[in-house]
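# Fold and contact review
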Amino acid sequence: MTPSERTLSTADVDDVFEVLADWRRRAVCRYFASSDRTAADVGALASAISELGGTSTVDAADTSPATIRAQLEEQHLPMLHQIGLIDYDERSGAVKYWGSPTVEKWADHAAAVTQQTDF
């Protein structure tokens, strides 16, 4: 799939809010959007998200790098890949972020509302 074929280029509303429904997926989007990075491996993402620490509704045990990595690999990255926001290679753990201004805008808004402004 080429970047021009990505489903979020025109940002379907249901996809945007499905992406933003989980703090870990918002953190993945903000990790890339707040820097010049367009690629990372799952380990780097898990470590960065673990340092963020989640929200007050997230148990501290849920924010260990190992737990975050497992959650990303099993659920969140495949979902982001399926809707076209990232390319995720399960074998290598490589993540390529294609970006979406709409998703990034709403992720920033969600971060401001929840006071999660790291990254």
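In this report, the structure presented in the accompanying data block is examined. Being a predicted model, the structure only gives us computed values, none of them experimental. (Residues numbered from 1 in each chain as written. Predicted model: local features only at pLDDT ≥ 70, side-chain atom pairs only at ≥ 80, totals over all residues. Heavy atoms only, no water.)

Moving on to the overall build of the protein. In terms of helices and strands, the protein carries 5 helices and 3 strands. For the protein, the succession of helices and strands along the chain, N to C, is α-α-β-α-α-β-β-α. Relative to its 119 residues, the protein shows a buried fraction of 42%. Looking at the protein alone, contacts between residues at least 24 apart form 60% of all its contacts between residues at least 6 apart. Accessible area of the protein: about 6500 Å², with a carbon and sulfur share of 48%. (Helix = DSSP H or I, 4+ residues; strand = E, 2+ residues; numbered from the N terminus. Buried < 20%, exposed > 50% of the residue type's maximum accessible area, 1.4 Å probe, protein only. Contact = heavy atoms within 4.5 Å. Areas by Shrake-Rupley, 256 points an atom, 1.4 Å probe, with all protein chains shown as cover.)

A few words now on a nonpolar patch on the surface. Residues V13, F17 and W106 make up a contiguous nonpolar surface patch of about 300 Å² in total accessible area. Within the secondary structure, W106 sits in helix α5 (residues 101-114). (Patch = residues over 30% accessible without salt bridge, like charges linked within 9 Å, V, L, I, M, F, W, Y side chains within 5 Å. Salt bridge = Lys/Arg side-chain N within 4 Å of Asp/Glu carboxyl O.)

With that out of the way, let us pick up the pattern of salt bridges. Under the counting rule described, the total for this entry stands at 3 salt bridges. D22 is the partner of R24 in a salt bridge, and the nearest nitrogen-oxygen pair spans 2.7 Å. We note that R24, like D22, is buried.

All right, on to the sheet that holds strand β2 (residues 86-89) then. Whether parallel or antiparallel, the strands of a sheet pair through hydrogen bonds between backbone atoms. With antiparallel pairing, 3 strands are arranged side by side in an open sheet as β1-β3-β2. At either margin of the open sheet sits one strand with a lone partner, and together these are β1 (39-41) and β2. Put simply, the sheet's adjacent strands are angled 15° from each other on average, direction ignored. As defined by bridge partners, β1 adjoins strand β3 (residues 94-97) across 3 bridges and the pair is classed as antiparallel. Within β3, the position partnered with A39 by the bridge is K96. In the packing of helix α4 (residues 65-82) onto the sheet, contacts are made with β2 and β3, and the angle to β2 comes to roughly 135°. (Pairing = 2+ DSSP bridges. Axes fitted to C-alpha atoms, helices over the stretch in contact; angles between N-to-C directions.)

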